Amino acid sequence: MTSNSHVSTLPGSFIFRLRRLYIKSESLRGYSLLSPTLLAMLVGLAMPLIVLLTLSFWIQEYLDFIRTFSLKNYLDFFQKPIYTKILFKSIRMSGMVTIVTVLLAYPMAYYIAFRVKHNKLIWLILITVPFWTSYLLRVFAWKIMLGYNGVINSGLKTLGILSEPLEFLLYNPAAVVITLAHAWAAFAILPIYVSLEKIDRSLLEASRDLGENTFMTFMRVTLPLSLPGVIAASLLVFIPTVGDYVTPSLVGGPRGIMIGNIIQSMFGKAQNWPLGAAISVMSMLTVTLMVCLFLWGTHNFRKRVA
Amino acid sequence: MKSNRPSWKPDGLLIYAAMYLTFIYLPVLFLPLFSFNSSTYITFPLKDFTLKWYDKMINSPDMHQALFNSIKVGMVVAILSTIFGLLAAKAVTRYRLKGRGPLVSFIMIPLVIPEIILAISLLILISQAEIPLSLWTVGFSHLLLCIPFSMLILISRMEGFDKSLEEAAMDLGENAWMTFWRVTFPIVLPGIVASLLLTFTISFDEFVLAFFLSSTDPTLPIYIWSSLRFPTKIPAILALGASIFVVSFFVVSFAEWLRRRGVKLEPTSGI
């Protein structure tokens, strides 16, 4: 596990001194255990992000990059309204997805944490079972559900309720929001469940003994104490969905495209990597800003309630 | 009249839970349903029952190659990420390190940036370094994504057990390596199994990174993605989805059985 097996034992040798230092210094041993992971992250995360930032200041010319510093991509980003418009639309859509997912998940997590007495694990497994199929197929399942000849339309037609298929079901932002809310459900339930499960039950009894009714107990004890889970769930859903391009391209149609589709096309068909890099940098900054605003907002909320 | 109240009363939350389960199950259950339907088109009314799509799935060498690639990448990624995660978790929980907080946050970054950004940054780096795209580049990117998960699982497992057990072994004369094998490893084992399973699943199902970083040798999600454009290929893909589902059901049940047999697990605080 550690690298000290091939060490010379000659006293006074350099390696010997190194080894003694290694055994004596706790933090050195700690860092050496951490080093493979840190190295992987430096090469695979820090370096690529630096290269991304650098590339965003270059210019694409045919198949080559012009490697001189330029703000052209960022000017493009701000001057052509389409990029900022789609970025903000993506933020709005992911925000919607987050709200819908968390609101739907909370009562479910609450039910498992407080009402289920035995076999909580069975319920948790029951929640995750639908997520054992491929992500792509879960998204595709909604295309099957909502499509022109899909399950809902053809089902209702077979039952004689509809004479003509409904066209507005698929290929719009609402379809993207529903699909994502479904695809990320487990990511919202689990953190909320964990934070609800941690709540000391005697606090709830105390609140009721002191005369609060069930609703006020929930508002003043349960909800504030479960906020960490709600925050974690929101971030776990919001951040990945902003950049998603699978769902928009399968069920979103032209009106449902998101910033992920733009980035993907810059690195694919449009072949403009530097502009794609600049859009990515701007998206990342915007997402970070939104997350900070959100954390600041929830922090204030908690202070007010407490 | 309170005393006459029936023992069962309609529980709003229970009804909600049932509706919620319907919402998350219903769309997914249509996949296996249509995989047994003899029509190529996925629409009601259903036609005859058939197994021909499963037959088609079994006789598709492209699909097998993709499946094999995904299993290969997933296994390598699961093992490496669990080893890295184990070392890092030990470092973080057993040693006092300066700058522990920022270092851990840095390692966790892949969890909080959109995958597409990770994918294109790696793509830029790899193409600038003129490394050819292959399953190795896909595997490397999956490793970055999986290490944080391994580390989180193993940290919560390591924090859960008493450090004095390790110290006792050392005091009784075991060296660091034997202490690890005979004390730490057996206790952390459930965490290791959980980490292997979770990281394999993540890698096996991962699409975005593989989309940007694979070459002509596709992983299974890439194969599925390219097949979704051809209506004639879709029923066989549904059959594949249903099969993956059944296999993961057995794997998860097996893991659960293993867990119950093994060390009794105290409630852990995490994912």
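Read on for a plain summary of the structure. Predicted model, so just to flag it, every value in this text is computed and none were measured. (Residues numbered from 1 in each chain as written. Chains lettered and ligands numbered in written order. Predicted model: local features only at pLDDT ≥ 70, side-chain atom pairs only at ≥ 80, totals over all residues.)

**Observations concerning the overall build of chain A**
- The helix and strand tally for chain A stands at 14 helices and two strands.
- Scaling as 2.2 N^0.38, a compact globule of 306 residues should have a C-alpha radius of gyration of about 19 Å, whereas chain A reaches 26 Å, well beyond that.
- For chain A, the spread of C-alpha atoms along the principal axes amounts to about 90 × 70 × 40 Å.
- Expressed as a percentage of its 306 residues, the buried residues of chain A come to 40%.
- In chain A, of all internal contacts separated by at least 6 residues, the share reaching a separation of at least 24 is 68%. (Helix = DSSP H or I, 4+ residues; strand = E, 2+ residues; numbered from the N terminus. Rg over C-alpha atoms; globule rule 2.2 N^0.38 Å. Buried ≥ 20, exposed ≤ 12 C-beta atoms within 10 Å, placed from the backbone. Contact = placed C-beta atoms within 7 Å.)

**Some thoughts on the overall build of chain B**
- In terms of helices and strands, chain B carries eleven helices and zero strands.
- Going from N to C terminus, chain B has its helices and strands arranged as α-α-α-α-α-α-α-α-α-α-α.
- Taken along its principal axes, the extent of the C-alpha atoms in chain B is 80 × 70 × 30 Å.
- Split into buried and exposed, the 271 residues of chain B put 39% on the buried side.
- In chain B, the proportion of contacts linking residues at least 24 apart, taken out of those at least 6 apart, comes to 79%.

**A word on the environment of R19 of chain A**
- Looking at the secondary structure, you find R19 of chain A in helix α1 (residues 14-24).
- In the structure, R19 of chain A is positioned 148 residues away from E167 of chain A in sequence and 72 Å away in space, judged by C-alpha atoms.

**Quick notes on the interface of chain B and chain A**
- Each side of the interface is counted separately: chain B has 63 residues, and chain A has 68 residues.
- Of all the secondary-structure elements, those providing two or more residues to the side of chain B that touches chain A are α1 (12-35), α3 (61-94), α4 (100-112), α5 (115-128), α6 (135-160), α8 (176-205), α10 (220-227) and α11 (234-261) of chain B.
- Looking at which element gives the most residues to the side of chain B that touches chain A, the answer is α1 of chain B, with eleven residues.
- In terms of residue class, the side of chain B that touches chain A is made up of 52 nonpolar, six polar and five charged. (Nonpolar A, V, L, I, M, F, W, Y, C, P; charged D, E, K, R; others polar.)

**Here's the deal with the environment of P110 of chain B**
- Within the fold, P110 of chain B resides in helix α4.
- The buried category is assigned to P110 of chain B, around which 20 C-beta atoms lie within 10 Å.
- With 97 residues separating them along the chain, P110 of chain B and L13 of chain B place their C-alpha atoms 36 Å apart.
- Other than its neighbours up to four places away in sequence, P110 of chain B contacts L45 of chain A together with L118, L144, L145 and P148 of chain B.

**Things to note about the nonpolar core**
- With 146 residues, the main nonpolar core has A105, A109, I189 and I192 of chain A together with A88, A119 and I120 of chain B as its most contacted residues.
- Residues lining this core come from more than one domain, with at least three contributed by each of domain 1 (1-44) and domain 2 (73-305) of chain A.
- Those residues in contact with I192 of chain A, other than ones at most four positions away along the chain, are A105, Y106, A109, S226, G229, V230 and A233 of chain A. (Core = buried A, V, L, I, M, F, W, Y, C linked by C-beta atoms within 7 Å. Domains from an automatic or database assignment.)

**Overview of the packing of helix α4 (residues 81-115) of chain A against helix α9 (residues 185-198) of chain A**
All names here are of chain A.
- Close contact between α4 and α9 brings their axes to 8 Å; oriented N to C, the two are set at 45°. Classed by the angle they form, the pair α4 and α9 counts as oblique. For the crossing formed where α4 meets α9, the hand is right-handed. When α4 is examined against α9, the residues T101, V102, A105, Y106, M108, A109, Y110, I112 and A113 are found in contact with a partner set consisting of A185, A188, I189, I192, Y193, L196 and E197.
- Partitioning the contact of α4 with α9 into residue classes produces 14 nonpolar, one polar and one charged. (Axes fitted to C-alpha atoms, helices over the stretch in contact; angles between N-to-C directions. Parallel < 35°, antiparallel > 145°, perpendicular 65-115°, else oblique. Left-handed = near helix turned anticlockwise from the far one by under 90°.)

**Re helix α7 (residues 151-158) of chain A**
- Along α7 of chain A, the positions that sit buried rather than exposed are V151, N153 and S154 of chain A.
- Close packing links the buried residues of α7 of chain A with α6 (135-146) of chain A together with α1 of chain B.
- In the stretch just after α7 of chain A, G160 of chain A is the one whose phi turns positive, near 80°.

**Quick look at the packing of α4 of chain A against helix α11 (residues 214-242) of chain A**
Residues and elements named next belong to chain A.
- With their axes 9 Å apart at the nearest point, α4 and α11 run at an angle of 145° to one another. The two elements α4 and α11 meet at a crossing, and its hand is right-handed. Packed against α4, whose contacting residues are S90, I91, S94, G95, V97, T98, T101, V102 and A105, the element α11 presents V230, A233, S234, V237, F238, T241 and V242 at the interface.
- Split into classes, the residues belonging to the contact of α4 with α11 amount to nine nonpolar, seven polar and no charged.

**A closer look at α5 of chain B**
Residues and elements named next belong to chain B.
- Compared with the 20 Å implied by 1.5 Å per residue over 14 residues, the 20 Å span of α5 between its first and last C-alpha is a close match.
- Within α5, eleven of the 14 residues are buried, which leaves it mostly tucked inside the rest of the structure.
- All of the buried residues in α5 are E115, I116, I117, L118, A119, I120, S121, L122, L123, I124 and I126.
- The positive-phi residue at the C-terminal boundary of α5 is E130, with phi of around 55°. (Expected span 1.5 Å × (residues − 1).)

**Observations concerning unusual backbone geometry**
Residues and elements named next belong to chain A.
- A positive phi angle is found at N119, which is not glycine, with a value near 60°.
- Mapped onto the secondary structure, N119 falls in the loop between α4 and α5 (120-128).
- The exposed category is assigned to N119, around which 11 C-beta atoms lie within 10 Å.
- Positioned with a positive phi, Q271 is a non-glycine residue whose angle comes to about 50°.

**What about the environment of F49 of chain B?**
All names here are of chain B.
- When you line up the elements, F49 lands in the loop between α1 and α2 (52-58).
- Looking at F49, the number of C-beta atoms within 10 Å reads 8, which means it is exposed.
- Separated by twelve residues in sequence, F49 and N37 have C-alpha atoms that sit 5.3 Å apart.

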